[in-house]
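Structural overview
Spelled out from the first residue to the last, the chains are:
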Amino acid sequence: MDYENTAEASEMSPHVLLFPLPIQSPINSMLQLAELFCLAGLQVTFLNTNHNQQLLCRHTDVQSRFSQYPKFRFLTISDGLPEEHPRSFGELISSLQAVAEPFLREVLLLTEEPAVTCVIPDALFYYAVDIGNEMGVSVIPFDTISPCCLWVYLSFPNLIQAGDIPFKGNELDMLIENVPGMKGLLRRRDFPFYRLTNCETDLFCQLALKEIHSIPRSHGLILNTFEDLDGPLLSLIRSHCPQTYVVGPLQLQLKTRLADHKRIMSSSNSLWEEDLSSIQWLDAQPIESVIYVSFGSLATLTKGEILEFWHGLVNSGIRFLWVMRSNLSREEEFNHQFVKELADGCKERAYVVTWAPQEKVLAHPAIGGFLTHSGWNSTMESIVQGKPMICWAVYVDQRVTSRFVGEVWKIGLDMKDICDRYIVEKEVKDLMVTNKDKFKKSVDKLSMLAKNSVGQGGPSYNAFQYLVDDIKKLGRRDKDIYINPSSIG
Ligand code: UDP
């Protein structure tokens, strides 16, 4: 066991162990939650993989930032993979599980101060709930995906029973009618696993099923959203998990609480080096003239798709800032030279970086819209900054979220499935020129509601306080199995 930032433990302090999924977006959200807990005076341990901790320390100031909190410490473990391994999501999750299960048991066995009194794992780590129950420690998973996708997951048993999944045939426009609250809305193409033909062999479907069965056996559930955005779905989710703490948008919650403590929001939680020249470039652009293009930290595109997006953007005549990660495409011809030639071809209106300070970019007045893969963090960050979106969803929650962006919240366009330069050009013009005011008005309204939700007395502000109060009440139980009164339908 490898402790960093080891700090003096206060005697009776409630002690939270946070365990994020080892990828960028959950690490970002969990670090925000960790800092919020630090501000609330809790003892906090942040369990990170060695691999990600090294990246985090190399590219951010997390070490010095968190050293201000004497009750905080990082704890690191191996993810079970050699350093040079490409770490595909599936391999990473199963390899980490083999290391994390015995490790968690070992950590929770430690009863001398500071004993862990509450575990907050990513909800995908369903096994942490079983371990907590076994060891008599309360577990409150944090689900970092979109609540609209979580609700689809929670409806899986119904969908399987009704014969809606796995899919028979290839009709992607067919409606899925057995997700309560989404009747007439959700098509197969909006489903998290939209080509699902076998539930037993699909790794992600299996993980989702395990996750939803662990939720009712948890003490509660944390979600990064706000009541005014997801209210109707939250009522449905609460029918499975009554103790659902809705504390988002976390970045704003943190900003508010830091201000309460006369501190200012500091730097990022990025695993890669942020190219700050993107901000300088934006400084030289007119207000709301630039569309920001980013497909998050994991999604990949084919080289053909990249070219269609590029030509569509160039032909639209709109300025754009594009994050082209070095692994945005797995195809060999997608390399430094290819990206350089693209960028050189449109220097006057386009700027390309390999990783951007996204929250700062979205907050910049020159940004008028976001072409996004609809990852949940990106979606929340865009709503917070009042930037309408064009959605090119790739997988999992992105597919449901993008449908909500287009049809429920009406704060952008869901492009989905047909990647063609003419469509890209048309949608970019639609978002940035033709229907700019319409989209801006709807997203500004949500942005204001988001701000209100984390302001003093707002629902997310209060929910965070309830969460902290509840955590303070949690002690170590006798080893038992916690059964939540609700059950999976
Ligand atoms: N991000 C960033 N710089 C970039 C691209 C993304 O800092 O150039 C951050 C972004 O702010 C967000 C996270 O990476 O917090 C991506 O999370 P999201 O849930 O949107 O997508 P994922 O990467 O999980 O698919």
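Up top is the structure these notes are about.
Residues numbered from 1 in each chain as written. Predicted model: local features only at pLDDT ≥ 70, side-chain atom pairs only at ≥ 80, totals over all residues. Heavy atoms only, no water.

1. A few points about the overall build of the chain
So the rule is basically this: Numbering of helices and strands runs from the N terminus; a helix is a DSSP stretch of H or I covering at least four residues, while a strand is a stretch of E covering at least two. For the radius of gyration, the atom set is restricted to C-alpha positions; the globular benchmark scales as 2.2 Å times the number of residues to the power 0.38. Buried, partly exposed and exposed residues are distinguished by accessible area as a fraction of the type maximum, computed with a 1.4 Å probe on protein chains only: under 20%, between the cut-offs, and over 50%, respectively. We call two residues in contact when some of their heavy atoms are within 4.5 Å. Accessibility throughout is a Shrake-Rupley quantity obtained with a 1.4 Å probe, and a residue counts as covered only by protein chains that appear here. Here the positive residues are Lys and Arg and the negative ones are Asp and Glu; neither His nor the chain ends is included. The atom standing in for a charge is NZ when the residue is Lys, CZ when it is Arg, CG when it is Asp and CD when it is Glu.
Helix and strand content of the chain: 19 helices and 15 strands. A globule of 489 residues ought to have a C-alpha radius of gyration of about 23 Å, and the chain, at 22 Å, matches this closely. With the C-alpha coordinates of the chain rotated into their principal frame, the extents come out at 65 × 55 × 50 Å. Sorting the 489 residues of the chain into buried and exposed places 60% on the buried side. Nonlocal contacts in the chain, meaning residues at least 24 apart in sequence, comprise 74% of its contacts between residues at least 6 apart. Carbon and sulfur atoms provide 53% of the accessible area of the chain, an area that totals close to 19,400 Å². Distance between charge centroids for the chain: 5 Å, based on 46 positive and 59 negative side chains.

2. Details of the nonpolar core
So the rule is basically this: The nonpolar core is taken to be a set of buried Ala, Val, Leu, Ile, Met, Phe, Trp, Tyr and Cys residues, with the residues joined through side-chain atoms within 4.5 Å.
Tyr153, Phe156, Met182, Phe191, Phe193, Leu282 and Tyr292 are the most contacted members of the largest nonpolar core, which totals 68 residues. Among the elements that make up this core, the one with the highest residue count is helix α6 (residues 147-154) (seven residues). The next biggest cluster of nonpolar side chains, apart from the first, holds 38 residues, and it includes Val16, Cys118, Phe142 and Ile222.

3. Overview of the sheet that holds strand β9 (residues 244-246)
To keep it simple, the criterion reads: Two strands form a pair only when DSSP identifies at least two bridges running between them. For helices, the fitted line uses only the C-alpha atoms of the stretch in contact; every axis is such a line through C-alpha atoms, and the angle between N-to-C directions lies from 0 to 180 degrees.
Pairing within the open sheet is parallel, and its three strands lie in the order β7-β8-β9. Each of the sheet's edge strands pairs with one partner strand only, and the pair in question is β7 (142-143) and β9. Both strand β8 (residues 221-223) and β9 contribute to a ladder of three bridges, which runs parallel. Counterpart to Ile222 in the pairing with β9 is Tyr245. Running at roughly 135 degrees to β9, helix α19 (residues 459-473) makes contact with β8 and β9 of the sheet.

4. Here's the deal with helix α8 (residues 203-214)
Cut-off, in case you're wondering: Expected span of a helix, by definition, is 1.5 Å for each gap between consecutive residues, and there is one gap fewer than residues. Polar contact is the term for a pair of N or O atoms within 3.5 Å; when the atoms are in protein, one must be able to donate a hydrogen and the other to accept it, and sequence-neighboring residues count only if both atoms are side-chain atoms.
With 12 residues, α8 extends 17 Å between its outermost C-alpha atoms, agreeing within 8% with the 16 Å of an ideal straight helix rising 1.5 Å per residue. For α8, the set of buried residues is Cys205, Leu207, Ala208, Leu209, Glu211, Ile212 and Ser214. The inward-facing, buried residues of α8 contact α4 (89-109), α5 (126-135), β7, α6 and α7 (156-161). Two or three places before Phe204, at the start of α8, stands the capping residue Asp202, its side-chain oxygen 3.1 Å from that residue's backbone nitrogen.

5. Quick notes on the site of the ligand
The line we're drawing: For this purpose, a residue is taken to be near a molecule or strand whenever a single non-hydrogen atom of the residue falls within 4 Å of it.
In the neighbourhood of the ligand, 19 residues make up the surrounding shell, with Ser25, Ser297, Ala356, Ser378 and Glu381 lying closest. Ser297 has a polar side-chain atom sitting 2.5 Å from an oxygen atom of the ligand. Gln358 places a polar side-chain atom, nitrogen or oxygen, 3.4 Å from an oxygen atom of the ligand. For the shell around the ligand, the secondary structure elements donating two or more residues are α1 (24-39), β10 (290-294) and α15 (376-384).

6. Section: the state of the cysteines
Stated precisely, the cut-off is as follows: Criterion for a disulfide: a pair of cysteine sulfur atoms at a distance within 2.5 Å.
As enumerated under the stated definition, the model contains zero disulfides in all. Distance from the sulfur of Cys148, which forms no disulfide, to the nearest cysteine sulfur (Cys149) is 6.8 Å.

7. Details of the pairing of strand β2 (residues 15-19)
The line we're drawing: By definition, the crossover connecting two strands over a helix is right-handed if that path, from the first strand to the second, turns clockwise as seen with the strands pointing away from the viewer.
Most of β2 sits out of view: five of its five residues are buried. Side chains of β2 alternate between two faces, with His15, Leu17 and Phe19 and Val16 and Leu18 buried alike. One ladder, built from four bridges, connects β2 with strand β3 (residues 43-49); its direction is parallel. Bridge assignment links His15 to a residue of β3, and that residue is Gln43. At this point the chain moves from β2, through α1, to the parallel β3, and the crossover so formed is right-handed. Strand direction decides the pairing type here: β2 and strand β5 (residues 118-121), joined by four bridges, are parallel. In the strand pairing of β5, Leu18 is matched with Ile120.

8. Structural notes on unusual backbone geometry
The peptide bond linking Ile165 to Pro166 adopts the cis configuration, its omega dihedral lying at -5 degrees. Although it is not a glycine, Lys262 adopts a positive phi angle of roughly 55 degrees. Positionally, Lys262 belongs in the loop between α10 (250-260) and α11 (277-283).

The quantities given are spatial measurements derived from coordinates; they are silent on function.
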